[in-house]
Amino acid sequence: MANAEETAQEFTMRMMTTVSSGFVTLAMSIGVRTGLFAQLAAMEGPHTSVQIAEAANMKERYVREWLAIMVTARIVEYDKNKKTYFLPRYKLEVLLPGNTGGKGSIGYMSEFMMQVGMATRDVADCFKKDGPKGMPFSAYPDLQELLGRGKEVLHKNNLVQRFLPTFPGLPELLDSGIRVHEAGCGRGIATLLLAQHFPNSTFVGTDIDQEAIQWAGRESNKRGLANVTFQVQDLAKMPTDWSDSFDYVLVWDVVHDLAAPELALREIFRMVKPGGHFSMVDIRGHSELADNMGNPFAPVLYCISLHYCMPVSLYLDGKGLGTMWGQELAMQMLQEAGFADIRVLEVPGSPNDLHFLCNKPS
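Residues numbered from 1 in each chain as written. Predicted model: local features only at pLDDT ≥ 70, side-chain atom pairs only at ≥ 80, totals over all residues. Heavy atoms only, no water.

Draft legend 1. Structural view of the packing of helix H3 (residues 49-56) against helix H4 (residues 60-72). Interaxial distance between H3 and H4 falls to 9 Å at its minimum, and their mutual angle equals 120 degrees. Classified by the interaxial angle, the pair formed by H3 and H4 is oblique. The interaxial crossing formed by H3 with H4 has right-handed handedness. Here Ser49, Val50, Ile52 and Ala53 of H3 lie close against H4, whose contacting residues are Glu60, Val63, Arg64 and Leu67. Here the contact of H3 with H4 is built from residues that sort into 5 nonpolar, 1 polar and 2 charged. (Axes fitted to C-alpha atoms, helices over the stretch in contact; angles between N-to-C directions. Helix = DSSP H or I, 4+ residues; strand = E, 2+ residues; numbered from the N terminus. Parallel < 35°, antiparallel > 145°, perpendicular 65-115°, else oblique. Left-handed = near helix turned anticlockwise from the far one by under 90°. Contact = heavy atoms within 4.5 Å. Nonpolar A, V, L, I, M, F, W, Y, C, P; charged D, E, K, R; others polar.)

Right, here's the structure in full:
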């Protein structure tokens with residue numbers, strides 16, 4: 001699939017741009033983590049590096065070097081004569097929508113790159129025939145916090161207001177009172193929001209990560225929620241007495257990470273009541289590599305897969321589906337698990353995801 005019209009010089013320039021963009025992304029992640037982008041957003045008009053550093057309570061020399069990266073990358077604007085820097089509002093809304101840096105923002109993705117990038121050396125060792133099988137979840141100590149923060153922004157703005165209405169009748173069912181399970185809930189961000197909005201329904205959040213579940217439990221107590229519980233559970237081996245227990249089950253960007261995705265989907269099918277529904281939100285992509293060539297975000301998704309999603313599955317002797325397992329394979333596996341009336345829907349606020357809505361036959 002090589003471009004026969006591309007010259008070696010053109011390829012060289014394209015690769016230089018690619019590498020340069022990678023370094024810029026690392027610097028962007030520092031801007032998010034330190035709050036420099038947020039500081040620039042809070043300052044009206046152009047300012048010098050000294051003024052920006054003083055306002056941010058940071059060392060000016062570091063701030064000035066970071067600003068140099070942002071200027072040469074054409075992110076921050078620079079006045080040569082006045083030696084001032086300025087971040088236009090329209091750029092801020094791309095970097096940190098709502099000045100929050102939620103899932104899907106460029107700023108959030110730069111932080112995600114830094115998180116998974118820290119594992120690059122260990123992932124490279126996994127390539128060797130005598131190397132490790134994969135990577136344990138513990139190799140990514142700060143990832144749950146980052147994922148939780150991204151999901152909080154995404155769900156706060158979209159879950160109740162925009163996502164639920166894509167399933168006609170679901171908001172009304174939640175208002176009347178049903179039993180809901182979010183499997184692989186992480187810090188339980190979606191479950192907590194749903195429990196707050198729908199006090200007549202009962203919610204259960206489960207995840208294999210004990211620290212994430214403990215965080216969710218503490219947050220539930222802080223919010224005074226009596227209609228939600230969180231438990232440490234393996235999605236591939238759920239409690240036997242949970243058969244036909246839930247009217248609605250939700251799984252968000254989880255299945256492709258699992259060691260035993262087919263077994264997990266069968267377990268979900270078992271837990272859904274006859275006539276109940278299952279929402280699987282997962283990454284937008286195709287199972288055939290060539291079909292992803294037109295997706296400008298595909299290299300990012302494959303890189304996330306290589307650095308995190310695939311190795312954490314293979315570490316557990318799993319299938320290693322990877323982030324880009326594709327909607328075709330997803331449909332096949334849902335059907336094989338027993339689900340029917342599968343619909344593929346857009347996910348409001350998350351263009352890189354798809355929503356597979358299906359039901360369990362009565």
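Right, picking up where we left off after that structure.
Draft legend 2. Seen up close, a nonpolar patch on the surface. On the surface, a cluster of nonpolar side chains totalling about 380 Å² of accessible area is made up of Val19, Phe23, Leu26 and Met113. For the nonpolar patch, the leading source of residues is helix H1 (residues 8-34), giving 3 residues. With respect to the helices, strands and loops of the structure, Met113 is situated in helix H6 (residues 106-117). (Patch = residues over 30% accessible without salt bridge, like charges linked within 9 Å, V, L, I, M, F, W, Y side chains within 5 Å. Areas by Shrake-Rupley, 256 points an atom, 1.4 Å probe, with all protein chains shown as cover. Salt bridge = Lys/Arg side-chain N within 4 Å of Asp/Glu carboxyl O.)

Draft legend 3. Highlighting the sheet that holds strand E8 (residues 340-346). Taken in spatial order, the 7 strands make up an open sheet running E5-E4-E3-E6-E7-E9-E8, and their pairing is mixed. Each edge of the sheet is formed by a strand with only one pairing partner; in this case those strands are strand E5 (228-232) and E8. Across this sheet, the average inter-strand angle for adjacent strands is 15 degrees, counted without regard to direction. Summarising the sheet, strand E7 (residues 272-283) and strand E9 (residues 353-359) pair through 7 bridges and their orientation is antiparallel. Across the sheet, Val281 pairs through a bridge with His355, a residue of E9. Helix-sheet contacts for helix H11 (residues 210-222) involve strand E4 (202-207) and E5, and the interaxial angle to E5 is about 165 degrees. (Pairing = 2+ DSSP bridges.)

Draft legend 4. Helix H10 (residues 189-197), seen in detail. The element H10 is extensively covered by neighbouring structure, given that 7 of its 9 residues are classed as buried. Here H10 has its buried residues at Ile189, Ala190, Thr191, Leu192, Leu193, Leu194 and Ala195. Summarising the contacts, the buried residues of H10 are in contact with helix H8 (143-163), strand E3 (179-183), E4, H11 and E5. (Buried < 20%, exposed > 50% of the residue type's maximum accessible area, 1.4 Å probe, protein only.)

Draft legend 5. Just the pattern of salt bridges, in detail. This model, assessed by the stated rule, comprises 14 salt bridges. As a salt-bridge pair, Arg14 and Glu6 come within 2.8 Å of each other at their nearest N and O atoms. With a closest N to O distance of 3.1 Å, Arg223 and Glu219 form a salt bridge. Three or more residues are tied together by salt bridges with common partners; here these are Arg33, Glu111, Glu145 and Arg149.

Draft legend 6. Broad picture of the nonpolar core. Ranked by size, the top nonpolar core spans 30 residues in total, and within it Phe163, Leu164, Leu174, Phe203, Tyr248 and Trp252 carry the most contacts. Contributions of two or more residues to this core are made by H8, helix H9 (170-176), H10, H11, E5 and strand E6 (246-252). In terms of residues, this core owes the most to one element, H10, which gives 6 residues. Setting aside its immediate chain neighbours within four residues, Leu174 contacts Leu164, Val180, Phe198, Asn200, Ser201 and Phe203. Of all hydrophobic cores here, the second largest spans 29 residues; its members include Val254, Leu258, Ile268 and Met333. (Core = buried A, V, L, I, M, F, W, Y, C linked by side-chain atoms within 4.5 Å.)

Draft legend 7. How the structure looks around the side chain of Asp257. Mapped onto the elements of the fold, Asp257 is located in the loop between E6 and helix H12 (261-271). Buried within the structure, Asp257 lacks any salt-bridge partner; its nearest side chain of opposite charge belongs to Lys151, at an N-O separation of 8.1 Å. Polar contacts involving the side chain of Asp257 include one to the side chain of His256, which spans 3.2 Å. If we skip the residues at most four places from it in the chain, Asp257 touches Tyr308, Cys309, Val312 and Ser313. (Lys, Arg positive; Asp, Glu negative; His and termini not counted. Polar contact = N/O pair within 3.5 Å; in protein donor to acceptor, adjacent residues only side chain to side chain.)

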